[in-house]
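Read off the chains here:
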Amino acid sequence: ALDLANIQGNILTAYGRLGFPKGRFLLFHVEDADAGRAFVAAIRPRVTTALRWESPRRPEPHGPVVQPRPDVTVNIAFTYEGLAALRVPTRTLREMPDEFIDGMAARADIIGDSAPTNNISMWDGIWQPGDDDRRVHILVSLNAQMNPDGTPFAALDATTAWLRGLCQPGGVRLLPGHRGGNTEFQEASAILVPDGKGGVKPVAQEHFGYRDGIGDPVFEGQYPPGREADTVVGNGRLTADGKWQPLATGEFLLGHPDEAQETAEFAMPYDFSRNGTFMAYRKLHQNVVAFRDYIDTTGHAFAAYTGIPANHGPATLMAKMAGRWQDGTPITIAPTYEAWELIRDKRATAWAKQDMVTFNAMERDLLRFTYQADPDGLSCPVTAHIRRSNTRDTLDPHFRSPDPTERHGSTLNNRRRILRRGLPYGSAAGAANDSGEHGIIMLMVCASLFRQFEFVQQQWIQYGLDFNAGNDTCPIIGNHGADAKFVIAAPKSGTPFICDRPPQFVETRGGDYFFVPSMTSLRLIAGGIIDPT
């Protein structure tokens, strides 16, 4: 059992799925250590922990309800420079992982943010490397509930004003420099659609049109036993005998054993690091117009090449690139447009009749799959987005063995899993070009930025050799140079279809690496009482 009161709530829970579709991210610079610690001390009592509150969809989502449901959640994280500005002892700082000390901008070559098609010079002003007086030290993230008209609860503006009021000249400054409507903070919101009642409702979708927020890993202690058994299939680790088990807690929380029965690198003292984690904050701009144009043109060419109906081509190409259809249905269980239509109709009928047994079973089917029956990628291309980012059993050395006793399940994937948090920002509806502000704020949470986030970003997203695809990058979020391509395999008797020269669909607009401390660690930081001996 995890100490939920000591863990920040945004680690275990994606707030957007629990009715908090409005987000705001504020960044601060510490000029004076005493003032900075006072700033942290003032925020600490309002930080949202992992203790459970009632969900609007079910009375006890992840265990007993022990606290009221907040109007707005508050969470806090620090860059390496931020910890140094707060005078965390040198002995503690020097034990931090190298990648965290370097920061994301310094690792741009490793994760692909310095490529000509995705360059650090394109980042928002607040994230541009340069003057130390503009260095990001503290991130405070807010998530709010929403009114029926789509506006956030008033608590969001009130909490923003309160945070602004904690700043003082010569002490702590709120840093401007965000693109968008307000340069003082990064606004974010789930995409909203009419609810049929005169208002709007949030949908779990990103600007390209895919359903989002599917497939987060499940780890030990994250859920009580009853909920764990319901969520672990497809989200945990696949064992050699084909069963699903939760991943080790230490893959996501410091101070706990990981999949290697070790603990990830962390700084002393023990209480400073334990129950904390690391997070990569990524502002990702989506070139929605370029994506739609490419899907339309290439999708019709794909339809003509394969002989499927022309109006099926764009949607089928989108599914091949992602590994899922737009509603999240894995292409492994619906390899054709016609099969997808049958599943959509069945889901719609179940929802209309409020047959929640059938509907919930179909929701679970979005995750309950492997690639064992599709080794050559004839249904789901081996370089599709979800097959790269969560390889499941694809990299099993005995993947093709007819003897199931020789297989190793997801062993080579278990230490690369990442918790994904975040929300879309801006609107792409009716956009004539991609010069506007629309994309997603992505928070990648893991115990080792190097072993998990950076490995996946470099080795699986920006490189294709593990999938026998040479230098081919991810068709959706990879860097696409002049010779980029995406290969859709055909049966052995046929010739594959080559998606030639896809443009750059996603561009990084900023971010950094953050340490997300436990509540105990926040008290130590705020009090300046860290003893690393």
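Our structure is the block above this text.
Residues numbered from 1 in each chain as written. Predicted model: local features only at pLDDT ≥ 70, side-chain atom pairs only at ≥ 80, totals over all residues. Heavy atoms only, no water.

Colleague: Would you mind showing me how to read the overall build of the chain here?
Modeller: Secondary structure assignment for the chain yields 16 helices and 15 strands. In summary, the chain has a C-alpha radius of gyration of 23 Å against a globular reference of 24 Å for 533 residues, a match within 12%. The C-alpha extent of the chain, read off along each of the three principal axes, is 70 × 55 × 50 Å. For the chain, buried positions account for 55% of its 533 residues. The long-range share in the chain, meaning contacts at least 24 apart out of those at least 6 apart in sequence, stands at 70%. Put simply, the chain shows about 21,700 Å² of open surface, and 53% of that area lies on carbon and sulfur atoms. Charged side chains in the chain number 53 positive and 61 negative. The centres of these two groups are separated by 4 Å. (Helix = DSSP H or I, 4+ residues; strand = E, 2+ residues; numbered from the N terminus. Rg over C-alpha atoms; globule rule 2.2 N^0.38 Å. Buried < 20%, exposed > 50% of the residue type's maximum accessible area, 1.4 Å probe, protein only. Contact = heavy atoms within 4.5 Å. Areas by Shrake-Rupley, 256 points an atom, 1.4 Å probe, with all protein chains shown as cover. Lys, Arg positive; Asp, Glu negative; His and termini not counted. Charge placed at Lys NZ, Arg CZ, Asp CG, Glu CD.)

Colleague: I keep staring at the pattern of salt bridges and nothing clicks. Help me out?
Modeller: For side chains bearing opposite charge, pairing can occur when the charged atoms are close. Using the criterion set out here, one finds 31 salt bridges in the structure. Arg415 is the salt-bridge partner of Asp258, the closest N and O atoms lying 2.7 Å from each other. Taken as a pair, Asp258 in the loop between β9 (244–245) and α9 (270–273) and Arg415 in the loop between α14 (385–389) and β11 (419–426) lie far apart in primary sequence, 157 residues in all. On the accessibility criterion, Asp258 (1% relative accessible area) is buried. Arg415 sits in the partly exposed class, given a relative accessible area of 22%. (Salt bridge = Lys/Arg side-chain N within 4 Å of Asp/Glu carboxyl O.)

Colleague: So what exactly am I meant to see when it comes to helix α12 (residues 337–352) here?
Modeller: In an α-helix there are 3.6 residues to a turn, and that puts residues three or four apart on one side. In this model α12 runs 22 Å from its N-terminal to its C-terminal C-alpha over 16 residues, within 8% of the 22 Å that 1.5 Å per residue would give. For α12, every residue scored as buried is listed here: Tyr337, Trp340, Ile343, Arg347 and Ala350. Around the axis of α12, the buried residues are gathered within 145° of arc, so they sit on the same side. For α12, the exposed residues lying more than 90 degrees away from the buried face are Leu342 and Ala352. Looking at the packing, one finds that the buried side of α12 touches α11 (313–322) and α13 (356–365). Backbone geometry just after α12 places Gln354 at a positive phi near 55°. (Expected span 1.5 Å × (residues − 1). Arc of directions from axis to C-beta.)

Colleague: Would you mind showing me how to read helix α7 (residues 154–166) here?
Modeller: With 13 residues, α7 extends 19 Å between its outermost C-alpha atoms, agreeing within 8% with the 18 Å of an ideal straight helix rising 1.5 Å per residue. Against the buried residues of α7 lie β1 (22–30), α2 (33–43), β2 (72–78), β3 (138–144) and β5 (186–189).

Colleague: Can you help me understand the nonpolar core in this one?
Modeller: Counting residues in hydrophobic clusters, the biggest one holds 112 residues, and the most contacted among them are Phe28 and Leu83. When residues of this core are assigned to their parent elements, the largest contribution, 7 residues, is made by strand β12 (residues 438–446). Among all residues touching Leu83, those that are not within four sequence positions of it are Phe78, Val88, Leu93, Met96, Phe100, Phe272, Phe515 and Ile525. One finds Ala319, Trp325, Ile386 and Phe399 within the second-largest nonpolar core, a separate group that totals 15 residues. (Core = buried A, V, L, I, M, F, W, Y, C linked by side-chain atoms within 4.5 Å.)

Colleague: Got a minute to help me understand the packing of helix α10 (residues 288–306) against α11 in this structure?
Modeller: The packing of two helices is summarised by the inter-axis angle and the distance between the axes. As a packed pair, α10 and α11 sit with axes 7 Å apart at the nearest point and diverge in direction by 105°. Between α10 and α11, the angle is such that the two are roughly perpendicular. The segment α10 lies against α11, with Phe291, Ile295, Asp296, Thr298, Gly299, His300, Phe302 and Ala303 engaging Gly313, Pro314, Thr316, Leu317, Met318 and Met321. The class makeup of the residues in the contact of α10 with α11 is 8 nonpolar, 5 polar and 1 charged. (Axes fitted to C-alpha atoms, helices over the stretch in contact; angles between N-to-C directions. Parallel < 35°, antiparallel > 145°, perpendicular 65-115°, else oblique. Nonpolar A, V, L, I, M, F, W, Y, C, P; charged D, E, K, R; others polar.)

Colleague: What is the right way to look at the packing of α12 against α13 in this model?
Modeller: Running from N to C, α12 and α13 point in directions that differ by 140°, and their axes come no closer than 8 Å. In terms of orientation, α12 and α13 fall into the oblique class. Handedness of the α12/α13 crossing: left-handed. Together, Ile343, Lys346, Arg347, Ala350 and Trp351 of α12 and Met356, Thr358, Phe359, Met362 and Glu363 of α13 make up the contact between the two elements. (Left-handed = near helix turned anticlockwise from the far one by under 90°.)

Colleague: I'm lost on unusual backbone geometry in this one. Help?
Modeller: Here the bond from Met268 into Pro269 is cis, since omega is 5°, no more than 30 degrees from zero. The residue Pro269 is located in the loop between β9 and α9 in this model. For Gln261, which is not a glycine, the phi torsion comes out positive at approximately 60°. Within the secondary structure, Gln261 sits in the loop between β9 and α9. The class of Gln261 is exposed, set by a relative accessible area of 65%. Even without being a glycine, Gln354 presents a positive backbone phi close to 55°. Mapped onto the elements, Gln354 comes out in the loop between α12 and α13.

Colleague: Is there a simple way to explain the side chain of Asn75 in this structure?
Modeller: By secondary structure assignment, the location of Asn75 is in strand β2. One polar contact links Asn75 to Gln8, side chain to side chain, over a distance of 3.1 Å. At 3.5 Å, the side chain of Asn75 forms a polar contact with the side chain of Asn10. Residues in contact with Asn75, not counting those within four places in the same chain, are Gln8, Gly9, Asn10, Tyr15, Val47, Thr48, Leu139, Val140 and Ser141. (Polar contact = N/O pair within 3.5 Å; in protein donor to acceptor, adjacent residues only side chain to side chain.)

Colleague: I tried to follow the pairing of strand β7 (residues 200–203) on my own but got confused; where do I start?
Modeller: Across 4 bridges, the pairing between strand β6 (residues 191–194) and β7 is antiparallel. Paired with Leu192 across the bridge in β7 is Pro202. (Pairing = 2+ DSSP bridges.)

Colleague: What is the right way to look at the packing of aromatic side chains in this model?
Modeller: The description of two aromatic rings rests on the distance between their centres and on the angle between their planes. This model, assessed by the stated rule, comprises 28 aromatic pairs. Pairing Phe453 with Tyr513 gives two aromatic rings, centres 6.1 Å apart and planes at 85°, and the pair type is edge-to-face. You can see Phe453 sitting in helix α15 (residues 449–461) and its partner Tyr513 sitting in strand β15 (residues 506–516), a full 60 residues away along the chain. Taking relative accessible area as the criterion, Phe453 reaches 2% and is therefore assigned buried. Ring pairs connect the aromatic residues Tyr80, Phe100, Phe272, Phe278 and Phe515, which therefore count as one cluster. One Lys or Arg, Arg24, reaches over the ring of Phe185 and ends 4.2 Å from the middle of that ring. Positioned above the aromatic ring of Trp162 is the side chain of Arg46, whose terminal nitrogen or guanidinium carbon lies 4.0 Å from the ring centre. (Phe/Tyr/Trp six-rings, centres within 6.5 Å; stacked < 30°, edge-to-face > 60°. Lys NZ or Arg CZ within 6 Å of the ring centre and 35° of its normal.)

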